[in-house]
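These are the residues of each chain, in order.
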Amino acid sequence: ICQHLTPLEVLSAVLAAVCHDLDHPGVNQPFLIATHNHLATLYQNHSVLENHHWRCAMSCLWSSGVLQHWEYDDVTILQDNIRSLILATDITRQYEFISRFTHYLDTSTLNTQDATHRHFTLQIAIKCADICNPCRPWLVSRKWSYKICDEFYRQGDNERQLNLPVTTLCDRYVTSVAKIQTGFIKFVVSPLFHTWHRWLNTTLSTNMITNMKNNLETWQKELEAEENERKLEIEKEEERLEVEGGEKERRMEGEEEERLEGEEEEERLEGEEEERLEGEEKERRMEGEEEERLEGEEKERRMEGEEEERLEGEGEEERLEGEEGERLEGEKKKERLEGEGEAKERLEGEEEERLEVVEEGEKERKMEGEKEKVECGIRTEGECGREEECGTGKNGTGKVEERNVEEQKSNLEEEKVEERNVEEQKSNVEEEKVEKRNVEEQKGNVEQEKVEERNVE
């Protein structure tokens, strides 16, 4: 391949090899993404470390001033080559490159005179250089294997400290160096270098394949020793646990017996406590029932008292209503008597007027009789013949006087009867006034009793 490489391709390959891990942070890409590192954001989670390495390389070249003397086209080619070569070291693209390389070899289409094929062989070369540590002699390879594993373990410690899921490859408590190197050689290094040796087949590639196989065997032996040692430790631990388990089992049996005894004692105490509580509950229930019974009796007595009071109130109301009725009847009677008194007075007035008229008539008759007597004074008794008519005769005069006396007696009797009626009416009015006062006093007493009841309530 060297006979076809241009000086610019050689320089690009050397600079890419020197700078392929420039400014490496000591952690892998998943860690940068999980911690939201600015590099992951800058390169959008795509070949984060590799993009950072080639850009750092170009920054150093521009800062040194070397590229200021170059032609623009040469600088562009140099930058493209360095970028492409360093990006090829992304381990996630391993299968892509091996598949393409195998295809070229199987079809014998790899042409080193073609610039594209030459650049591809340089990408495979830098990939081999990146992971060639297992192909070195054992002492050198072992030393660098421990150094790289220390870096892995530091990342695992950081993940644990940040409460992130710890990567299995980086967990010092789970994965040993021998286990890491065994898996790395089998699944990553061996496929790439066997394909490289298939194409190159030089003394160097043969030695590298031999060292890789020897180192793999050594790591496998160490891994077997670790596993045997781990098994022994597990067996010892199991024996220790068995011994301790026997003692622990006996101790646990004793504790279990004590626990069971304690539980029995607790159950017995709980039973006694439950019986006591049930007895107390029963007593409280009986007391409650007794209180309810007493309250019921009290309520019945109170209701009986209220019923009696209600009945008394109704009787009092009936009595008051009766008294009120009597009072109203008295008032009506009084009004009737007053009406009768007025009628009597009216009758007396009329009687007086009648008597006055009678007296006037009597006077007039007397005056007429006197006049007739004067006119008939010359006549003797029996001469006129009209003695009966005018009453001037002996018998006529006597009859008139008798009628007048009888009328006066009758009038006196009527006056006495009327006087007695008036007295009776007056007496009735007085009795009605007394009854009215009694009713008013009773109403006042009732009102006072109601006020006292309200005060009591």
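Residues numbered from 1 in each chain as written. Predicted model: local features only at pLDDT ≥ 70, side-chain atom pairs only at ≥ 80, totals over all residues. Heavy atoms only, no water.

### Some details on the packing of aromatic side chains
Ring pairs (aromatic) are described by centroid distance and by the angle formed between their planes. Our working rule: Between rings of Phe, Tyr and Trp, where Trp is taken as its six-membered ring, a pair exists when centres lie within 6.5 Å; planes separated by under 30 degrees are stacked, by over 60 edge-to-face, and by other angles tilted.
Under the counting rule described, the total for this entry stands at seven aromatic pairs. Members of the aromatic cluster, each reached through a chain of ring pairs, are Phe-97, Phe-101, Tyr-104, Phe-120, Trp-196 and Trp-199.

### Comments concerning the nonpolar core
Rule in force here: Working definition of a nonpolar core: buried Ala, Val, Leu, Ile, Met, Phe, Trp, Tyr and Cys residues. They are joined through side-chain atoms within 4.5 Å. Burial classes: relative accessible area under 20% of the type maximum marks a residue as buried, over 50% as exposed, and values in between as partly exposed (1.4 Å probe, protein chains only). The secondary structure listing takes helices from DSSP runs of H or I that are at least 4 residues long and strands from runs of E that are at least 2 residues long, numbered from the N terminus. Whether two residues touch is decided by their heavy atoms; if any such pair falls within 4.5 Å, the residues are in contact.
Counting 30 residues, the largest nonpolar core has Phe-101, Ile-124, Phe-193 and Met-212 as the members making the most contacts within it. A total of nine residues in this core trace back to one element, the largest contributor, which is helix H9 (residues 177–200). Not counting residues up to four positions away in its chain, the partners in contact with Ile-124 are Phe-97, Phe-101, Leu-192 and Trp-196. Grouped together as the second largest cluster of nonpolar side chains are 17 residues, Met-58, Leu-78, Ile-82 and Ile-126 included.

### Section: helix H5 (residues 72–87)
Given 3.6 residues per helical turn, the α-helix brings residues three or four places apart onto the same face. In plain terms, the rule: Helix span, expected: 1.5 Å multiplied by one less than the number of residues in the helix.
With 16 residues, H5 should cover 22 Å at 1.5 Å per step; its first-to-last C-alpha distance of 22 Å lies within 8% of that length. Where H5 is concerned, the buried positions are Val-75, Leu-78, Asn-81, Ile-82, Ser-84, Leu-85, Ile-86 and Leu-87. Where H5 is buried, its residues contact helix H1 (7–19), helix H4 (48–64) and helix H7 (115–130).

### Section: the pattern of salt bridges
This is how it is decided: The salt bridge definition used is simple: a Lys or Arg side-chain nitrogen within 4 Å of an Asp or Glu carboxyl oxygen.
Evaluation of the coordinates by the stated rule reveals 25 salt bridges. Between Asp-157 and Arg-160 there is a salt bridge whose closest N-O contact spans 3.4 Å. Of this pair, Asp-157 and Arg-160 both sit in helix H8 (residues 138–161), separated by three residues, roughly a single helical turn. Relative accessible area serves as the criterion here: at 26%, Asp-157 is assigned to the partly exposed category. For Arg-160, a relative accessible area of 33% translates into the label partly exposed. Connected via shared salt-bridge partners are Glu-273, Arg-276, Glu-280, Glu-281 and Arg-284.

### Here we look at the side chain of Glu-323
Mapped onto the secondary structure, Glu-323 falls in helix H10 (residues 203–375). Owing to a relative accessible area of 9%, Glu-323 belongs among the buried residues under this scheme.

### As for the UniProt feature "signal peptide" (unreviewed entry) in the protein
The criterion, for reference: UniProt positions are given in the numbering used here, feature names are shortened, and annotations may be inferred rather than shown by experiment.
The UniProt record marks residues 1–16 with the feature "signal peptide" (unreviewed entry), using the residue numbering of this structure. Between the end C-alpha atoms of residues 1–16 the distance is 18 Å, and the span holds 62% helix and 0% strand.

### Description of a nonpolar patch on the surface
Which entries qualify depends on this criterion: Excluding any residue in a salt bridge, patches collect residues exceeding 30% relative accessible area, merging like charges within 9 Å and nonpolar Val, Leu, Ile, Met, Phe, Trp and Tyr side chains within 5 Å. Only the protein chains shown count as cover for residues, and all accessible areas are computed by the Shrake-Rupley method using a 1.4 Å probe.
A surface patch of nonpolar side chains, about 260 Å² in accessible area, is lined by Val-10, Val-14 and Val-18. Along the chain, the position of Val-14 falls in helix H1. Residue class for Val-14 comes out partly exposed when judged on its relative accessible area of 48%.

### Points about the packing of helix H6 (residues 94–107) against H7
When two helices pack together, their arrangement is given by the angle between the helix axes and the distance between those axes. Condition: To obtain an axis, a line is fitted to C-alpha atoms, over the contacting stretch when the element is a helix, and the angle between two such axes runs from 0 to 180 degrees between their N-to-C directions. An angle below 35 degrees is read as roughly parallel, one above 145 as roughly antiparallel, one from 65 to 115 as roughly perpendicular, and any other as oblique. Crossings are assigned a handedness: left-handed for a near helix turned anticlockwise from the far helix by less than a right angle, right-handed for a clockwise turn. Residues are sorted three ways: Asp, Glu, Lys and Arg are charged, Ala, Val, Leu, Ile, Met, Phe, Trp, Tyr, Cys and Pro are nonpolar, and all the rest, Gly among them, are polar.
Relative orientation of the contacting elements H6 and H7 amounts to 130 degrees, with a least axis distance of 11 Å. Comparing the axis directions of H6 and H7 gives the class oblique. Considering the relative orientation of H6 and H7, their crossing is left-handed. For the pair formed by H6 and H7, the contact residues are Gln-94, Phe-97, Arg-100, Phe-101 and Tyr-104 on the first element and Thr-116, His-117, Phe-120, Gln-123, Ile-124 and Lys-127 on the second. The class makeup of the residues in the contact of H6 with H7 is five nonpolar, four polar and two charged.

### Focus: the UniProt feature "binding site: Zn(2+) 2" (unreviewed entry) in the protein
For clarity, the threshold we go by: A 3.5 Å cut-off defines polar contacts: any pair of N or O atoms within that distance qualifies, except that in protein one atom must be a possible hydrogen donor and the other a possible acceptor, and neighbouring residues in sequence count only when both atoms are side-chain atoms.
On the UniProt side, "binding site: Zn(2+) 2" (unreviewed entry) is annotated at positions that read Asp-21 here. Structurally, Asp-21 is set in the loop between H1 and helix H2 (29–34). If we skip the residues at most four places from it in the chain, Asp-21 touches His-53 and Asp-130. A distance of 3.2 Å separates the side chain of Asp-21 from the side chain of His-20, its partner in a polar contact.

### What to know about the environment of Thr-206
If you trace the backbone, Thr-206 turns up in helix H10. For Thr-206, a relative accessible area of 34% corresponds to the partly exposed category. As for Thr-206 and Cys-135, which are separated by 71 residues in sequence, their C-alpha atoms are 10.0 Å apart. In this structure, Thr-206 is in contact with His-197 and Asn-201, ignoring residues within four places of it in sequence.

### Brief notes about unusual backbone geometry
In this structure, His-36 takes a positive phi of about 55 degrees despite not being glycine. Note that His-36 resides in the loop between H2 and helix H3 (38–42). Positive phi is not limited to glycine here, since Ser-47 has a value of about 45 degrees. Its location among the elements puts Ser-47 in the loop between H3 and H4.

### Regarding the packing of H8 against H9
Two numbers describe how H8 lies on H9: the axes approach to 10 Å, and their chain directions differ by 105 degrees. When the axes of H8 and H9 are compared, the pair comes out roughly perpendicular. Contact residues: H8 offers Ser-145, Tyr-146, Ile-148, Cys-149, Phe-152 and Tyr-153, while H9 offers Val-177, Ile-180 and Gln-181. Counted by class, the contact of H8 with H9 contains seven nonpolar, two polar and no charged residues.

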